[in-house]
Amino acid sequence: MTETPILEGRNLSKAFLPPRSLAQTIARMLGASEGRRGVHAVSDVSLAVQKGEVLGLVGESGCGKSTLGRILSGVLSPSSGQVRYRGQTTQDMNAAERKAAALKIQMIFQNPYASLNPRIRVGNLIGEAPTVHGLIDRSERDDFLSEILQRVGLDPSYLDRFPHQLSGGQRQRIGIARALAVDPEVLVCDESVAALDVSSQAQILNLFMRLREELQLTYVFISHDLGVVYHVSDRVAIVYLGRVVEIAPTVELYGEPNHPYTRALLGQVTRLHDRRQKYTVIKGEMPSPLSPPTGCHFHPRCPMAMPRCKTETPVLREIGPGHLSSCHLNDQ
Amino acid sequence: MRAENILEVDGLQTWFHTRKGVIKAVDSVSFSLRPGEILGLVGESGSGKSITGLSILGLIDPPGRIVSGEVRYKGRNLVGLPEPEIRAIRGRNIAMIFQDPMMTLNPVLRIDTQMRWALAAHEQVDKNAARARSLEVLRLVGIAAPEERLGSYPHELSGGMRQRIAIAIAMLNKPDILIADEATTALDVTIQAQILSEMQNLCAATGTALIWITHDLSVVAGLADRVCVMYAGRIVEQGLVDDVLDRPMHHYTEGLIGSVPSMNARGKPLKQIAEITRSLFDLPSGCAFRNRCPKVIAGCSEPIPVLERNGHQFRCINPPVPAP
Ligand SMILES: Nc1ncnc2c1ncn2[C@@H]1O[C@H](COP(=O)(O)OP(=O)(O)OP(=O)(O)O)[C@@H](O)[C@H]1O
Ligand SMILES: Nc1ncnc2c1ncn2[C@@H]1O[C@H](COP(=O)(O)OP(=O)(O)OP(=O)(O)O)[C@@H](O)[C@H]1O
Ligand code: SF4
Ligand SMILES: [Mg+2]
Ligand SMILES: [Mg+2]
């Protein structure tokens with residue numbers, strides 16, 4: 001792991017503040033300190049992605065997976081912290097390098113229905129970015145588009161269709177084709193198979209794995225489905241209320257989870273061989289990110305919590321080769 | 001009608017007459033349900049699961065219509081009943097919950113008001129009795145601090161909480177049958193596990209029978225007693241969960257099971273069912289799955305009878321495990 005990671009986030013945080021009220025604006029002009037309470041979607045997250053690997057990001061709804069994915073792919077700027085592509089931040093780059101770097105990391109969005117403009121034909125949806133960025137000539141456009149569609153397993157005749165004429169699985173393929181059209185190195189896939197039934201899901205996952213081989217792609221794979229993540233990822237990061245609480249090679253994480261939250265989460269997985277399952281239930285619901293618990297965010301639901309967990313935030317630290325966890329139990 | 005069945009769906013056909021042609025959304029569907037039983041209804045998107053559930057409750061709107069078949073609740077055919085009579089059964093004897101709890105909940109009313117109204121729709125209750133019953137069902141679905149929740153509006157609650165309240169409302173009148181359509185699909189695994197565990201306890205404790213509609217096979221594996229697998233409007237296979245999932249007798253079921261990631265070696269290509277472009281109008285004659293089936297034979301284009309082995313029913317003449 002001495003190689004420079006292809007993509008790295010250092011101490012990333014993102015807070016979404018509600019708009020200021022008039023009173024707050026006046027108070028601020030008069031020099032009062034900012035008192036707005038925001039959603040801390042991501043708090044002090046650091047992680048690195050090596051070239052060619054698949055890093056899975058798992059966690060419950062609202063824990064900040066999409067926000068983290070958007071920051072890593074440059075769609076959203078962090079409130080603090082930095083993103084590095086091949087070791088460089090955008091400040092280290094000149095304008096041309098910055099533009100090139102932006103294309104190298106592509107995000108495939110959560111909702112294939114909302115992210116494709118219904119009034120634009122498939123051919124233009126896919127062809128727009130590479131044309132604008134001068135990656136292809138007008139003369140080679142048609143061949144290029146046909147080739148991309150075939151790569152994602154669609155017939156070139158789909159180029160003339162509109163998104164609403166496609167099934168969910170086909171739309172997801174268009175989203176992938178669109179990202180591939182600018183020749184990226186890293187794909188950030190946000191819940192790319194969540195809306196699909198099992199048979200379409202298998203097709204799209206197979207497509208991702210084939211493209212990885214063919215194009216030497218690197219993936220950040222965001223999903224709340226532990227079974228899917230186990231299947232495709234080399235390493236997995238578990239996110240809880242804006243923080244990465246554990247990160248490890250996949251087989252190790254599933255086989256020897258360390259953090260009490262990871263253990264609880266893995267206990268919820270429904271499997272085909274478990275019949276008349278006795279569900280082990282994590283007590284309580286996820287707290288609101290508007291007022292996260294003090295100390296370890298998981299302490300109100302943790303069966304192992306100690307007095308210290310209420311007051312002191314555990315640090316994410318190495319507990320074995322490549323295995324990081326943030327739990328006070330590891331200090332004992 | 002066999003005495004032990006609370007519901008019998010018999011030869012149900014629900015078709016949509018559109019300008020482009022007839023969509024046979026539900027085509028000759030038959031199954032039965034016993035008190036306290038949990039029946040899983042699985043199949044891919046568009047296979048007819050929701051329309052089956054809605055047909056049972058008489059909630060099909062034009063251009064859809066129940067063309068033939070019966071839905072017998074305690075021996076009485078509900079198909080064709082006048083609306084006031086079916087309305088008396090709906091919500092009281094047979095209740096439904098949807099993927100979106102806001103289909104059940106009214107956004108502008110407090111939870112206690114909604115629950116009181118749901119009770120009052122079917123029987124006369126005074127305020128105190130309504131409150132007591134509301135608290136009882138809220139506890140049943142695992143809501144902590146139910147007294148506080150009664151005073152909340154839906155928007156003040158998380159998605160998981162809303163879905164539990166929708167289930168609680170469905171349980172208010174102690175229905176004999178609850179039909180849940182993708183009720184936990186939009187929820188996190190943690191919340192889903194909580195709700196599934198409450199549902200199991202509920203059916204065991206109250207004798208309510210449950211039809212659990214989902215495309216997630218592993219949920220059905222963990223929850224249900226029996227399962228029906230739907231493809232293109234038909235039930236292609238039904239039986240005990242163990243029989244169907246361990247020894248599938250239809251190639252569609254086998255394909256579905258094979259494509260679940262946990263049934264494949266990690267990182268290896270997943271087994272997948274052959275892809276086709278489907279039209280809802282021109283289904284293949286005979287077995288509708290035959291243009292995707294790896295084991296198709298000449299007879300597959302003829303009408304396929306329902307075959308049975310020890311209560312395990314299937315519509316396949318060349319099944320994965322040959323019949324002895
Ligand atoms: N643009 C925004 N403005 C305000 N709050 C936001 C915004 N985007 C996200 N949030 C909040 O930040 C938190 C994290 O959201 P995010 O979408 O990253 O979660 P997620 O893990 O992707 O959830 P899901 O699994 O539901 O997609 C949530 O509380 C969300 O409400
Ligand atoms: N109002 C309608 N008009 C025409 N066709 C309809 C209508 N409602 C449903 N259908 C068709 O009936 C078929 C069955 O639909 P149904 O909603 O039952 O599928 P499903 O199995 O519940 O799918 P999903 O998993 O996507 O919810 C589909 O082919 C659908 O297109
Ligand atoms: S730090 Fe404490 S509360 Fe947090 S997971 Fe570990 S034991 Fe539980
Ligand atoms: Mg998200
Ligand atoms: Mg449906």
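Placed above this text is the structure.
Given the structure is predicted, the values throughout are model-derived calculations rather than measurements. (Residues numbered from 1 in each chain as written. Chains lettered and ligands numbered in written order. Predicted model: local features only at pLDDT ≥ 70, side-chain atom pairs only at ≥ 80, totals over all residues. Heavy atoms only, no water.)

### Quick word on the overall build of chain A
Inference 1: Scanning chain A from N- to C-terminus turns up eleven helices and eleven strands.
Inference 2: Expected size for 332 residues packed as a compact globule is a radius of gyration near 20 Å; at 22 Å, chain A falls within 12% of this value.
Inference 3: Considering only C-alpha atoms, chain A reaches an extent of 70 × 65 × 40 Å along its principal axes.
Inference 4: Counting every position in chain A, which comprises 332 residues, the buried fraction comes to 50%.
Inference 5: As presented, chain A carries roughly 15300 Å² of accessible surface, and 51% of it is formed by carbon and sulfur atoms.
Inference 6: Of the side chains in chain A, 37 bear a positive and 33 a negative charge, and the two mean positions are spaced by 7 Å. (Helix = DSSP H or I, 4+ residues; strand = E, 2+ residues; numbered from the N terminus. Rg over C-alpha atoms; globule rule 2.2 N^0.38 Å. Buried < 20%, exposed > 50% of the residue type's maximum accessible area, 1.4 Å probe, protein only. Areas by Shrake-Rupley, 256 points an atom, 1.4 Å probe, with all protein chains shown as cover. Lys, Arg positive; Asp, Glu negative; His and termini not counted. Charge placed at Lys NZ, Arg CZ, Asp CG, Glu CD.)

### Focus on the pairing of strand 3 (residues 38-42) of chain B
All names here are of chain B.
Inference 1: The buried fraction of strand 3 is high, at five of five residues.
Inference 2: A two-sided burial pattern is seen for strand 3, the buried positions comprising Ile38, Gly40 and Val42 on one face and Leu39 and Leu41 on the other.
Inference 3: Judged from the four bridges that link them, strand 3 and strand 8 (residues 209-213) form a sheet pairing that is parallel. Among the inter-strand pairings, Ile38 is bridged to a residue of strand 8, identified as Leu210.
Inference 4: The sheet contact formed by strand 3 and strand 9 (residues 226-231) spans four bridges and is parallel. Residue pairing for strand 9: Val42 is matched across the bridge by Val229. (Pairing = 2+ DSSP bridges.)

### Considerations on the pairing of strand 4 (residues 64-73) of chain B
Residues and elements named next belong to chain B.
Inference 1: Relative to strand 4, strand 1 (residues 7-18) is paired through eight bridges, and the arrangement is antiparallel. Residue pairing across strands places Trp15 opposite Arg65, the latter belonging to strand 4.
Inference 2: Strand direction decides the pairing type here: strand 4 and strand 5 (residues 76-77), joined by two bridges, are antiparallel. If you follow Tyr73 over to strand 5, its bridge partner there is Arg76.
Inference 3: Between strand 4 and the antiparallel strand that follows it, strand 5, lie two residues; Lys74 among them carries a positive phi value of about 45°.

### Notes on the pattern of salt bridges
Inference 1: Counted under the stated rule, the structure contains 25 salt bridges over all chains.
Inference 2: Arg212 of chain A serves as the salt-bridge partner of Asp234 of chain A, at 2.7 Å between the closest nitrogen and oxygen. Pair noted here: Asp234 of chain A is in the loop between helix 8 (226-232) and strand 8 (235-240) and Arg212 of chain A is in helix 7 (residues 198-215), with a separation of 22 residues, a long-range link.
Inference 3: For Arg212 of chain A, a relative accessible area of 24% corresponds to the partly exposed category.
Inference 4: Linking Glu8 of chain B and Arg72 of chain B is a salt bridge whose minimum nitrogen-to-oxygen distance equals 3.1 Å. Note that Glu8 of chain B is positioned in strand 1 and Arg72 of chain B in strand 4, a separation of 64 residues in sequence. (Salt bridge = Lys/Arg side-chain N within 4 Å of Asp/Glu carboxyl O.)

### Concerning the site of ligand 2
All names here are of chain B.
Inference 1: Within the structure, ligand 2 sits among 13 residues, and Ser45, Gly46, Lys49, Ser50 and Ile51 are positioned closest to it.
Inference 2: Ser45 places a side-chain nitrogen or oxygen 2.5 Å from an oxygen atom of ligand 2.
Inference 3: At a separation of 2.9 Å, an oxygen atom of ligand 2 approaches a polar backbone atom of Ile51.
Inference 4: Contact with the protein chains covers 69% of the free accessible surface of ligand 2, which is 640 Å².
Inference 5: Put simply, the parts of the chain that give the shell around ligand 2 at least two residues each are strand 2 (21-33) and helix 1 (49-56).
Inference 6: Of the residues forming the shell around ligand 2, the biggest block, three residues, is contributed by helix 1.
Inference 7: By residue class, the composition of the shell around ligand 2 is five nonpolar, five polar and three charged. (Near = heavy atom within 4 Å. Polar contact = N/O pair within 3.5 Å; in protein donor to acceptor, adjacent residues only side chain to side chain. Nonpolar A, V, L, I, M, F, W, Y, C, P; charged D, E, K, R; others polar.)

### Some points on the sheet that holds strand 4 of chain B
Think of a sheet as strands paired side by side through backbone hydrogen bonds, with each pair either parallel or antiparallel.
Inference 1: Taken together, four strands build an open sheet; the order of strands is 2-1-4-5 (chain B) and the sheet is antiparallel. Two strands bound the open sheet, and with one partner strand each, they are strand 2 and strand 5 of chain B.

### A word on unusual backbone geometry
Inference 1: In this chain, Pro62 of chain B is followed by Pro63 of chain B through a cis amide linkage whose omega measures 10°.
Inference 2: Looking at the secondary structure, you find Pro63 of chain B in the loop between helix 1 and strand 4.
Inference 3: If you check the backbone angles, Leu241 of chain A has positive phi at about 45° while not being a glycine.
Inference 4: Judged by its relative accessible area of 3%, Leu241 of chain A falls in the buried class.
Inference 5: Even without glycine at this site, Ala232 of chain B takes up a positive phi of about 50°.
Inference 6: Along the chain, the position of Ala232 of chain B falls in the loop between strand 9 and strand 10 (234-240).
Inference 7: A residue is classified by how much of its surface remains accessible, and Ala232 of chain B, at 22% relative accessible area, is partly exposed.

### Description of the site of ligand 3
Inference 1: Lining the immediate surroundings of ligand 3 are 13 residues, of which His259, Cys296, Cys302, Cys309 and Cys327 of chain A lie closest.
Inference 2: Broken down by class, the residue content of the shell around ligand 3 amounts to ten nonpolar, three polar and no charged.

### Quick word on the interface of chain A and chain B
Inference 1: Contacts between chain A and chain B engage 39 residues on the former and 46 residues on the latter.
Inference 2: Here chain A and chain B share an interface that buries about 3600 Å² over both sides, 54% of which is from carbon and sulfur atoms.
Inference 3: Its largest share of buried area at the contact with chain B, chain A owes to His231, Leu272 and Tyr279 of chain A, together 20% of the area lost on that side.
Inference 4: Between the two partners, chain A and chain B, sit zero salt bridges.
Inference 5: Summed over the shared surface of chain A and chain B, the result is nine residue pairs in polar contact (both at pLDDT 80 or more).
Inference 6: Those elements that place two or more of their residues in the side of chain A that touches chain B are helix 6 (168-180), helix 7, helix 8 and helix 9 (250-255) of chain A.
Inference 7: Broken down by class, the residue content of the side of chain A that touches chain B amounts to 14 nonpolar, 16 polar and nine charged. (Contact = heavy atoms within 4.5 Å. Buried area = accessible area lost by both parts, 1.4 Å probe.)

### Things to note about the packing of aromatic side chains
Inference 1: Inspection of the entire model under this criterion finds nine aromatic pairs over all chains.
Inference 2: The interplanar angle of 85° and the centroid separation of 5.1 Å between the aromatic rings of Tyr231 of chain B and Phe289 of chain B together place this pair among those described as edge-to-face. Taken as a pair, Tyr231 of chain B in strand 9 and Phe289 of chain B in the loop between helix 10 (251-258) and strand 11 (307-309) lie far apart in primary sequence, 58 residues in all.
Inference 3: Aromatic rings pair up to connect Phe208, Tyr219 and Phe221 of chain A into one cluster. (Phe/Tyr/Trp six-rings, centres within 6.5 Å; stacked < 30°, edge-to-face > 60°.)

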